Amino acid sequence: MVNKLLNFFEQLGSGFRARLIKLGAGTRLFFLIIIYSADSFKRIHLTIKEIYFTGVLSLVIIVVSAFFVGMVLGLQGYYTLEKYGSSEAIGVLVALALVRELGPVVTALLFAGRAGTAITAEIGLMKATEQLSAMEMMAVSPVARIIAPRFWAGMISMPILATIFSMVGILGGYVIAVIIIGVDEGAFWSQMQANVDFHNDIVDGAVKSIVFGFACTMIALFEGLDAPPTAEGVSRATTRTVVISSLAVLGLDFVLTSFMFV
Amino acid sequence: MDRIKLDIWVGILVTIGVISLFGLATKVGNLTSNSIKNTYSVIAHFENIGGLKPKAPVKSAGVVVGRVDTIIFDTNAYHAVVKINIDGRYIFPKDTFANIYTAGLLGEQYVALEAGGDLENLVANDRIMQTQDAVVLEKLISQFLYNSASKEE
């Protein structure tokens, strides 16, 4: 009995220590990235190449899913609002839901699945095939050459993608509400403009997307570097990236929302 | 893929992003309609402001002519002091009447200005002397109940 209790505490302690070490290593990685950013900005084409892979290639999935999310919001909102005789408020509902919540959150989830996994797998495989060690042997810093460009690419493309998601989603809602159902077009836009505030809603949504971009990119980079150098290790790290990123995005979303929209 | 092609694609991404942000700011948000720069502020004392909030519209004849700036509680008179920013294009006589009304049955509350007949006009930091408080629904119902009860006697 006493042994079991001791065992439990030992496991609790070692688990806590392991997570604490990971957190410390992640923070150290962040500071290393900041230090080596100047070096990597000298070769800006590396960052632009990564923006192409994380941003431009994610554009199709972002635009298509945003359009469908907007159309679903339009349909669902219309059926509910019509019961209260205020179907003109559909524009406000679609715009606020997208700008405040769905835009940043769904974009971050898709971003973690589309770009985060690619980053983890790529860096994990580079580590497994000792490309990173080879770079160090040639006195090329892997942080400046590999990690920092991917970090900045994620930080830059995530807010852009979230903004595009919100705008395309609102257009999807417009197609359903105005063109297909026939809500008055003037009421759709004017109610939206009267109730969506630029500083409180749109800027706060953008701040959310920047925070999510930071979290997703850092988790993907860290898991890639932390992966055991085996095929199994890389596959597990890729899975962990998606799971941890999604949980972090949803948790951070709650914290940010409770700070912003009181 | 060569470098120029990458640059073009990233440029396209950034352009779409900027267009989206511009669309959100002007078409969806209120960045364009909220930019009344040239305003003058007046204050009005109310005994009860109901649910009036900062940034609530100030209307005259239904047209938005300004916004509520701040609402503070004055402990000398135990009144609410409401500071109102009025668009500089509109001038009102000194004896303008300020009411607090509700938009719709359960909508937001706003300040309505009814122009008087004074020859002098309101200038910055003036006080609107004639005000009417927000209607409190419970008070109204209780008055109605007392009235109907006294009629029955």
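Residues numbered from 1 in each chain as written. Chains lettered and ligands numbered in written order. Predicted model: local features only at pLDDT ≥ 70, side-chain atom pairs only at ≥ 80, totals over all residues.

Caption draft 1: Expanded view of the overall build of chain A. A count of helical and extended segments in chain A gives 9 helices and 0 strands. Along chain A, helices (α) and strands (β) appear in the sequence α-α-α-α-α-α-α-α-α when read from the amino end. Its C-alpha atoms put chain A at 65 × 60 × 30 Å along the principal axes. Counting only contacts in chain A whose residues sit at least 6 apart along the sequence, the fraction spanning at least 24 positions is 86%. (Helix = DSSP H or I, 4+ residues; strand = E, 2+ residues; numbered from the N terminus. Contact = placed C-beta atoms within 7 Å.)

Caption draft 2: Quick peek at the sheet that holds strand S8 (residues 130-132) of chain B. All names here are of chain B. In spatial order, the strands read S7-S1-S4-S3-S2-S6-S5-S8; together these 8 strands make up an open sheet with mixed pairing. Either end of the sheet is taken by a strand with one partner, and the two such strands are strand S7 (127-128) and S8. With 4 bridges joining them, strand S2 (residues 57-60) and strand S3 (residues 63-74) adopt antiparallel strand pairing. Within S3, the position partnered with Lys 59 by the bridge is Val 64. (Pairing = 2+ DSSP bridges.)

Caption draft 3: Looking closely at the interface of chain B and chain A. Contact with chain B, which involves 20 residues of that partner, is made by 25 residues of chain A. Across the side of chain B that touches chain A, the residue classes tally to 11 nonpolar, 6 polar and 3 charged. (Nonpolar A, V, L, I, M, F, W, Y, C, P; charged D, E, K, R; others polar.)

Caption draft 4: Spotlight on the confidence of the model for chain B. For chain B, the average pLDDT comes to 84, and 92% of its residues sit at 70 or higher. Within chain B, helix H2 (residues 137-152) of chain B has the poorest average pLDDT of any element, 84, and strand S4 (residues 79-87) of chain B the best, 89. (pLDDT = per-residue confidence, 0-100.)

Caption draft 5: Expanded view of the nonpolar core. Residues Val94(A), Ala95(A), Ala108(A), Leu161(A), Phe165(A), Cys216(A) and Leu221(A) are the most contacted members of the largest nonpolar core, which totals 72 residues. At the level of secondary structure, the elements contributing two or more residues to this core comprise helix H2 (44-54), helix H3 (59-83), helix H4 (90-128), helix H6 (142-181), helix H7 (185-195) and helix H8 (198-226) of chain A together with helix H1 (3-28) of chain B. Top contributing element to this core by residue count: H6(A), with 21 residues. Sequence-distant contacts of Leu161(A), that is, excluding residues within four places in its chain, are made with Gly55(A), Ser58(A), Ile62(A), Thr107(A) and Phe111(A). Counting residues in each nonpolar core, the second largest holds 20 residues, with Ala56(B), Val58(B), Ile86(B) and Leu113(B) among its members. (Core = buried A, V, L, I, M, F, W, Y, C linked by C-beta atoms within 7 Å. Buried ≥ 20, exposed ≤ 12 C-beta atoms within 10 Å, placed from the backbone.)

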